[in-house]
Amino acid sequence: VDVYGDSIVAGTLLPDRPLTALMRKYPGLILVDHAAPLVLLAELPHRFDASTRTGRWVVIENGVIDAWRNVQPAMFVKTLHDMIKRVRAEGREPILTGFSRQVETPLLHIRKDQLLWRDQYDLLVRRLAETLNVPFVDWGAVRFDGAGDLSDGVHPGLAYSDRLHDRLGATLRAVTGCK
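Please read these numbers as outputs of a predicted model, since none were measured by experiment.

**Notes on the pattern of salt bridges**
Working step 1: All chains considered together, the criterion is met by 17 salt bridges.
Working step 2: Note that Arg-17 and Asp-33 form a salt bridge whose closest N and O atoms lie 2.7 Å from each other. One end of the pair, Arg-17, is in the loop between α1 (7-10) and α2 (18-25); the other, Asp-33, is in strand β2 (residues 32-33), with 16 residues separating them in the sequence.
Working step 3: The partner of Asp-145 in a salt bridge is Arg-163, with the nearest N and O atoms 4.0 Å apart. Placement of Asp-145 in the loop between β5 (136-137) and α7 (158-176) and of Arg-163 in helix α7 is noted, with a sequence separation of 18 residues between them.
Working step 4: Given the relative accessible area of 46%, Asp-145 is considered partly exposed.
Working step 5: Look at the salt bridges and you will find they share partners, linking Asp-49, Arg-53, Arg-86, Glu-90 and Arg-92 into a network.

**Describing the sheet that holds strand β1 (residues 2-4)**
Working step 1: With parallel pairing, five strands are arranged side by side in an open sheet as β2-β1-β3-β4-β5. In this open sheet, the two edge strands, each paired with only one partner strand, are β2 and β5.
Working step 2: Across two bridges, strand β4 (residues 93-97) lies against β5 in parallel orientation. Each residue of the ladder has a partner; that of Thr-97, found in β5, is Val-137.
Working step 3: Seen against the sheet, helix α5 (residues 73-89) touches β3 (57-60) and β4 and runs at an angle of roughly 150 degrees to β4.

Rules used throughout
Here the residue index of a chain counts from 1 through its sequence in written order. Note on the predicted model: pLDDT of at least 70 is required for a residue's local features to be given, and 80 or more for side-chain atom pairs to be given and counted; whole-chain, interface and lining totals, by contrast, use all residues. Side-chain numbers here rest on the full set of heavy atoms in the structure, without hydrogens or water. We count a salt bridge whenever a side-chain nitrogen from Lys or Arg sits within 4 Å of a carboxyl oxygen from Asp or Glu. Helix numbering and strand numbering both begin at the N terminus, where a helix is a DSSP run of H or I of at least 4 residues and a strand a DSSP run of E of at least 2. Exposure classes here rest on a 1.4 Å probe applied to the protein chains alone. A residue is buried below 20% of its type maximum, exposed above 50%, and partly exposed in between. Strand pairing is assigned whenever DSSP detects at least two bridges linking the two strands. We call two residues in contact whenever any of their non-hydrogen atoms come within 4.5 Å of each other. Only the stretch in contact is used when fitting a helix axis, every axis being a line fitted to C-alpha atoms; angles between N-to-C directions are given from 0 to 180 degrees.

Here it is as structure tokens:
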């Protein structure tokens with residue numbers, strides 16, 4: 001499984017990369033970690049050109065930064081749609097995640113209105129997944145206990161990251177059949 005994501009998947013501020021921990025928990029899963037902090041969805045197609053994918057499944061988690069920046073919704077959806085088409089043209093199957101939760105934080109310049117955009121764009125991803133019959137990992141439905149679940153208002157602390165990645169692991173186990 002090739003996994004693309006931003007700092008949430010990369011595990012910014014965590015002692016271990018979440019995908020490494022996920023593979024320890026589910027030894028049947030082989031995850032190729034393409035996650036990198038601060039990668040906007042709009043930049044991801046260029047990263048696709050520069051990376052080699054080997055997995056049957058391709059997870060795309062990127063997009064919350066684009067939501068905070070209020071990227072034009074039509075362009076946001078088109079970018080995801082084009083990536084799904086590309087993944088399928090390669091003979092692979094896409095998986096989309098929703099977005100984790102954040103709180104308002106002046107430290108990282110996240111305002112309340114940006115958090116509302118997060119919800120709207122998360123819904124766009126969900127609807128696109130449904131329309132194109134793509135598995136959707138609903139990170140928005142994962143228990144979130146507020147600021148105490150975050151290291152800095154944006155990045156999950158260990159317990160919240162574990163819950164998010166457990167949801168991803170459950171989806172991956174279901175679609176891949178791996179134990």
